[in-house]
Amino acid sequence: MSPARPTYRTAMDLARFLAAFGVVAAHAYASERDWIGHLALGLFLVLTAFLAVQSMDRAGGRYPWLARARRLVLPWLFWSAVFRVVFLVVADGPEKWAILSDPWTLLIGSSIHLWFLPFVMLAMVMVEPSGRWITSDERVRLASVFLVLVTVPLFALHHFAPMPEPLPQWAFGFPVYAYGLIIGHAHRIGRVGWPVAAMALLSAAGFALTGEPWALMPIVAALAFEAFWRAPVTAGWMKPLGAAAFGIYLVHPFFMLVCYKFLGADVNRLLATVLTFLMSWAAAEILRRLPVLRTLV
């Protein structure tokens, strides 16, 4: 079977936009048994990896990892500086002046949600090698088996082992990002059943091991991705929604602080989610239209 030409689906933009809303909701509700955030993050990661595979296919099998990773360095440094200033303004106590009390912050930045950028910078290195190797039905199966074998121990570490941040986020994020790569190549050769089955198996094993609802979110994210991919949607207005999603993710903690500042810490969580999301969306759209700052979102 000859590889299918990559196609653009506008429903992917809607999926990215809704995933950004899910991240905002997860941070507003701040539940210890957080399934919304894991679902939204899972969908974000699958889309990020899948779209990287499509970009590689359009480039004839090439994916300049270093050049693409460099594009994320400036946003990471800029928003780390912004949230560092915000922390200095809102925090009390002398500890706020500590420059580097935890070396793991070098993989995060000044705000925990920024862990996503260094993670993707490093995870991108797998895009081109995976494309060179996953070229047949047999290798899709092997990659799916490998995914299960790696994921279950990582989910156990995520749940049972006390790890410094961002290692818990990486323990969840790596398998889902890897799945996005595998499913990207599987779609290209028309063999998606094995990766989806692997995702179901690893999610079931994770849930059996931990009893936590977040462990089921990888398969939910995988099925949500397939639903969006197959949605017969061609509306052009969805493309700006997808373009704004990354900016919403980056700026939303600031506007959540604004919301709590003016409405109080006991504000209705749904209201806080909606207001924070709308303000973040507006800010992302403004930044995207500014010549210098557009590269930051």
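Residues numbered from 1 in each chain as written. Predicted model: local features only at pLDDT ≥ 70, side-chain atom pairs only at ≥ 80, totals over all residues. Heavy atoms only, no water.

1. Brief notes about the packing of helix α7 (residues 167–189) against helix α9 (residues 217–230)
Right, so step 1: Two elements in contact, α7 and α9, have axes separated by 11 Å at closest approach and are oriented at 35°. In terms of crossing hand, the pair formed by α7 and α9 is right-handed. Together, F172, V176, Y179, I183 and H187 of α7 and P218, A222, F225, E226, W229 and R230 of α9 make up the contact between the two elements.
Right, so step 2: Per-class residue counts for the contact of α7 with α9 are 8 nonpolar, 1 polar and 2 charged. (Axes fitted to C-alpha atoms, helices over the stretch in contact; angles between N-to-C directions. Helix = DSSP H or I, 4+ residues; strand = E, 2+ residues; numbered from the N terminus. Left-handed = near helix turned anticlockwise from the far one by under 90°. Contact = heavy atoms within 4.5 Å. Nonpolar A, V, L, I, M, F, W, Y, C, P; charged D, E, K, R; others polar.)

2. A closer look at the UniProt feature "transmembrane region" (unreviewed entry) in the chain
Right, so step 1: Those places that UniProt annotates as "transmembrane region" (unreviewed entry) correspond, in this numbering, to residues 12–29, 35–53, 73–91, 103–127, 139–161, 167–185, 243–263 and 269–287.
Right, so step 2: In residues 12–29, the share of helix is 100% and the share of strand is 0%. The end C-alpha atoms are 26 Å apart.
Right, so step 3: Split by type, residues 167–185 is 100% helix and 0% strand. Its first and last C-alpha atoms lie 27 Å apart. (UniProt positions renumbered as here; feature names shortened; annotations may be inferred.)

3. Brief notes about the layout of surface pockets
Over the atoms, a rolling probe the size of a water molecule traces out where space has been left empty.
Right, so step 1: Roughly 1000 Å³ of volume is contained in the largest pocket.
Right, so step 2: Lining the largest pocket are 32 residues; nearest its centre among them are R16, T48, L51, R68 and F246.
Right, so step 3: Only α1 (11–29), α2 (36–58), α3 (65–90), α4 (116–123) and α10 (238–263) provide two or more residues apiece to the lining of the largest pocket.
Right, so step 4: With 8 residues, α2 is the largest single contributor of residues to the lining of the largest pocket. (1 Å grid on protein atoms, 1.4 Å probe; cavity = no way out; pocket = protein on both sides within 12 Å on 5 of 7 lines; lining within 4 Å. Points joined across faces, edges and corners; volume = space filled by probe spheres on them.)

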